[in-house]
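Survey of secondary and tertiary structure
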Amino acid sequence: MGGVPALEENTQDPLTEPLRKVLGGTTAKVMAEHLGLRTVGDLLHHYPRRYAERGELTRLADLPLDEHVTVVAQVADSRVLTFNQGRGKRLEVTLTDGSGRLQLVFFGRAVHHHHKELLPGRRGMFAGKVGVFNRKLQLSHPAYELLGADSGAEAVDAFAGRLMPIYPACKQLESWKIAKAVATVVDSLLATGWAGVADPLPAALRAERGLPTLPEALEKVHRPRTKADVELARARLKWDEAFVLQVALARRRLAEGQLQAVARRPREGGLLDAFDARLPFTLTDGQRAVSREIFDDLATEHPMHRLLQGEVGSGKTLVALRAMLAVVDAGGQAAMLAPTEVLAQQHHRSITEMMGELAQGGMLGSAEHATKVVLLTGSMGAAARRRALLDLATGEAGIVIGTHALIEDKVGFHDLGLVVVDEQHRFGVEQRDALRSKGKQPPHLLVMTATPIPRTVAMTVFGDLETSVLDQLPAGRSPIASHVVPAAEKPHFLARAWERVREEVSAGHQAYVVCPRIGDEEEPPGARRGGGGDRAGGEDDGGADGADERRPPLAVLDVAGQLAEGPLKGLRVAALHGRMQPDAKDEVMRRFAAGELDVLVATTVIEVGVNVPNATVMVIMDADRFGVSQLHQLRGRVGRGSAPGLCLLVSEAPEGSPARARLGAVAATLDGFELSRIDLEQRREGDVLGQAQSGTRSSLRMLAVIDDEEVIAAAREKATRIVAADPELERLPELRAALEALLDAEREEYLEKG
């Protein structure tokens, strides 16, 4: 972890016990495979999402469409209907809770059994995926557990008045089964008086914040007697997450702050001055201010660690390029790491165009201060690769732009002074450290992201970096109008969308059409509905059969053909996706940039960095399958010239669904910071590092980065102070143990993805 000292291993804590020893192999296997829970501690930190109260029925009126839910409700009526001339039977059960009604439906052999159990007046917990049939909300074949009727008076009394935890669940494991597993674990720990459970918070800090011990908090969160118990437990568990993470980041900052670097000051009358003189526009105030912060960092003898975040199109690449030129002026080299070949090629093309003759170092007739700008990607031919490697090793190339290929062992630099990482969330800490290790001394680091990040998230995800924000768009950027196109309800709106594309092309402009899928791959059964990547939406609340009846996401190869033969016939239509050969991809992008193509049908490979000012309209198919931040990124590809931009979000999601609400939010504002806030709120884990972002389970389960600013800021301040006084945490062994658990191999990705 980039120079952070290793911590000793943690042993003997009962929270590290494997679940299979406590719950048995079968349950433990399901928990590990479907919920990522492997130890007693994992299960105890799988907190209830909410609590149902006896007498307080969950509001059926507020059920989210197309999500797994668990409801507590009462059977109002139950009836068996026949179909197929009496050969088929269907059981329809109506639930009520005073706020609304919900229909359950069962088919086949199970009808008779469920009909006997689900009698009017019976009350229970029901879990399944919310669908709509005949305009009624419905759960098809839900799992359920009836409450009270078959229990003795004591069991009913025990249930009465108690807050009932409803756990984030999945179709393989309903909420109440998780509750039973938690009860088993808590009972076994209570029997030992929670012996051996380490508490990571220093006692003085706990007392200062008025927080309970860890065992107390875990018991209260799973078995609260009152709502006050829940609040107290949450306060403690949020603080744990914020504090342990901030200690990890503080140790990293301390370790990196002790490294030595070469100060890189631009020389007067050098490459940077020559570049600024040839710019056809003036820098924005924001670009000037951020450049000053970067140049101040570069001038110190400790490595810069700075995050540059900015709105789509705010000119981050220009700011990064000026920093690279300053380093070349000072005798060093600069490397820019891009997440995809398309983006690396695009950066190389736009940087050499911006620099002109200044990028032709070593060539006949080049400018006095010129340097060479080389591209390095995994798929380059052997001769071009050898030439690029030689230019880097000799120092002839001052700037290199590349993909992961830059990290390989064979790549050596003459004097690497600055590493620029574009779209940091696609790279891990280890990857950026691997590139930085190629410097004779640690090079300076500039991390860029075009996804605007709220302050609390920046403190949590990029807590080892100083932050600069570019929130001012350069002059000449045009406004972008965004509209939702409800294709299922109003197909004529989609027809009008293609007419608009034709109108823009007739006016001499170009268009993008974006699809979630390529189309030459097998569509896996039950494919994720979030085919676009960072889909908003929480974990499942409960189980049902969960089969997704929606059609597969639309694919580039299918849509390109349909458009070329149908509504866009006669226009020059081409496809672009990540599995094309690099030369073919580059050729398509070159032709589109040169105006030789009218419509580019693409996947999200065009999401970042692609700059074609003549493209004015974007149609995003199945827009509900992309996340809010991704839609904002995609939309930023249009309106980059003097003509206004238009973004059409095509969706079959029904009106009133969460997916449509998300699209409405994107259409309503161009403010990326506001959208990133909405994205986090709708994600509901309150966890920017959770499954929806990185594909792995995060250790943040209680902390809501969007709401808990005070907790995060206070934890950061305390962590910084504690680490400064005791970098090895020798006086706080329990905190060391908690940090070891956070940074173990399974969770390393937790600090590496943003």
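Treat the numbers as computed from the prediction; the structure is a model and nothing was measured.

Helix and strand counts for the protein chain stand at 26 helices and 21 strands. Expressed as a percentage of its 754 residues, the buried residues of the protein chain come to 56%. Partitioning the contacts of the protein chain with sequence separation of at least 6, the portion at a separation of at least 24 is 76%. As displayed, the protein chain has an accessible area near 31400 Å², and 50% of this comes from carbon and sulfur atoms.

What follows covers the nonpolar core. Ranked by size, the top nonpolar core spans 39 residues in total, and within it Met-324, Met-355, Ile-399 and Leu-418 carry the most contacts. The dominant element in this core, judged by the number of residues it contributes, is helix α12 (residues 316-329), at ten residues. Beyond its immediate sequence surroundings of up to four residues, Met-324 is in contact with Ala-334, Met-336, Ile-351, Ile-399, Leu-418 and Val-420. Grouped together as the second largest cluster of nonpolar side chains are 33 residues, Val-514, Leu-600, Ala-615 and Leu-634 included.

What follows concerns the pairing of strand β3 (residues 88-96). Judged from the seven bridges that link them, β3 and strand β4 (residues 101-107) form a sheet pairing that is antiparallel. Within the sheet, the bridge partner assigned to Glu-92 lies in β4 and is Val-105. Once β3 ends, the chain turns through four residues before running back antiparallel as β4, passing Gly-98 with a positive phi of about 90 degrees.

All right, on to the sheet that holds strand β11 (residues 372-376) then. Two pairing modes exist for strands in a sheet, parallel and antiparallel, and in both the strands are linked by backbone hydrogen bonds. Strand order in the open sheet formed by seven strands is β11-β12-β10-β13-β14-β9-β15, and the pairing between neighbours is parallel. Only two strands of the sheet have a single neighbouring strand rather than two, namely β11 and β15 (466-470). The average angle at which neighbouring strand axes cross in this sheet is 20 degrees, direction not considered. Alignment of strand β10 (residues 333-337) against strand β12 (residues 397-402), held across four bridges, turns out to be parallel. When the bridges of β12 are listed, Leu-337 appears paired with Gly-402. On the sheet, helix α13 (residues 341-355) packs against β10, β11, β12 and β13 (416-422) and is oriented at approximately 170 degrees with respect to β11. Strands β10, β11 and β12 of the sheet are contacted by helix α14 (residues 382-394), whose axis makes an angle of about 130 degrees with β11.

Within the open sheet, the six strands sit side by side as β16-β21-β20-β17-β19-β18. Their pairing is parallel. Every other strand in the sheet has two partners, leaving β16 (480-486) and β18 (573-576) as the edge strands with one partner each. Across the sheet, the axes of successive neighbouring strands diverge by a mean angle of 20 degrees, strand direction being ignored. Sheet topology note: the strand β17 (residues 510-514)/strand β20 (residues 615-620) ladder contains five bridges and is parallel.

Interpreting fine coordinate detail is not advised for predicted regions of low pLDDT. A residue-level look at the protein chain finds 82% of positions with pLDDT of 70 or above and a mean pLDDT of 81. Put simply, helix α23 (residues 691-694) is where the protein chain has its lowest mean pLDDT, 32, and β17 is where it has its highest, 96. Predicted confidence for residues 151-160 stays below pLDDT 50, and this span has eight contacts to residues more than four positions away or in other chains. For the stretch residues 745-754, pLDDT sits under 50, and the model shows 36 contacts to residues farther than four places along the chain or on other chains.

Taken as a whole and assessed by the stated rule, the structure comprises 31 salt bridges. With its nearest N and O atoms 3.0 Å apart, the salt bridge here joins Asp-415 to Arg-264. On the criterion of sequence distance, the pair formed by Asp-415 in the loop between β12 and β13 and Arg-264 in the loop between α9 (227-257) and α10 (271-278) is long-range, its members being 151 residues apart. Judged by relative accessible area, which is 18%, Asp-415 ranks as buried. One network of salt bridges, in which partners are shared, links Arg-496, Glu-499, Arg-500, Glu-503 and Glu-504.

It is worth spelling out the packing of aromatic side chains at this point. Considering all chains together, one arrives at five aromatic pairs under this definition. When the centroid spacing of 6.3 Å and the interplanar angle of 10 degrees are considered together, the rings of Trp-239 and Phe-243 count as stacked. Of the two residues, Trp-239 and Phe-243 are both situated in helix α9; the distance of four residues between them amounts to about one turn of the helix. The exposure class assigned to Phe-243 is buried, which follows from its relative accessible area of 0%. Taken together through their ring pairs, the aromatic side chains of Phe-106, Phe-126 and Tyr-144 make up a single cluster.

Following the sequence through the fold, Val-290 ends up in helix α11 (residues 285-298). Take Val-290: its relative accessible area is 3%, and that puts it in the buried class. Setting aside anything within four residues of it in sequence, one finds Val-290 in contact with Leu-308, Val-319, Ser-468, Val-469 and Leu-470.

Summarising burial for β4: five of the seven residues are buried, a large majority. Across three bridges, β4 lies against strand β6 (residues 136-140) in parallel orientation. Counterpart to Gln-103 in the pairing with β6 is Gln-138.

Contact geometry of α9 with helix α24 (residues 709-725) gives a least axis separation of 8 Å together with a crossing angle of 45 degrees. Overall, the two elements α9 and α24 adopt an arrangement that is oblique. For the element pair α9 and α24, the recorded crossing hand is right-handed. Of the residues in α24, those in contact with Lys-238, Trp-239, Ala-242, Phe-243, Gln-246, Val-247, Ala-250, Arg-251, Arg-253 and Leu-254 of α9 are Val-711, Ile-712, Ala-714, Ala-715, Arg-716, Lys-718, Ala-719, Thr-720, Ile-722 and Val-723.

The rules behind the values
Residues numbered from 1 in each chain as written. Predicted model: local features only at pLDDT ≥ 70, side-chain atom pairs only at ≥ 80, totals over all residues. Heavy atoms only, no water. Helix = DSSP H or I, 4+ residues; strand = E, 2+ residues; numbered from the N terminus. Buried < 20%, exposed > 50% of the residue type's maximum accessible area, 1.4 Å probe, protein only. Contact = heavy atoms within 4.5 Å. Areas by Shrake-Rupley, 256 points an atom, 1.4 Å probe, with all protein chains shown as cover. Core = buried A, V, L, I, M, F, W, Y, C linked by side-chain atoms within 4.5 Å. Pairing = 2+ DSSP bridges. Axes fitted to C-alpha atoms, helices over the stretch in contact; angles between N-to-C directions. pLDDT = per-residue confidence, 0-100. Salt bridge = Lys/Arg side-chain N within 4 Å of Asp/Glu carboxyl O. Phe/Tyr/Trp six-rings, centres within 6.5 Å; stacked < 30°, edge-to-face > 60°. Parallel < 35°, antiparallel > 145°, perpendicular 65-115°, else oblique. Left-handed = near helix turned anticlockwise from the far one by under 90°.

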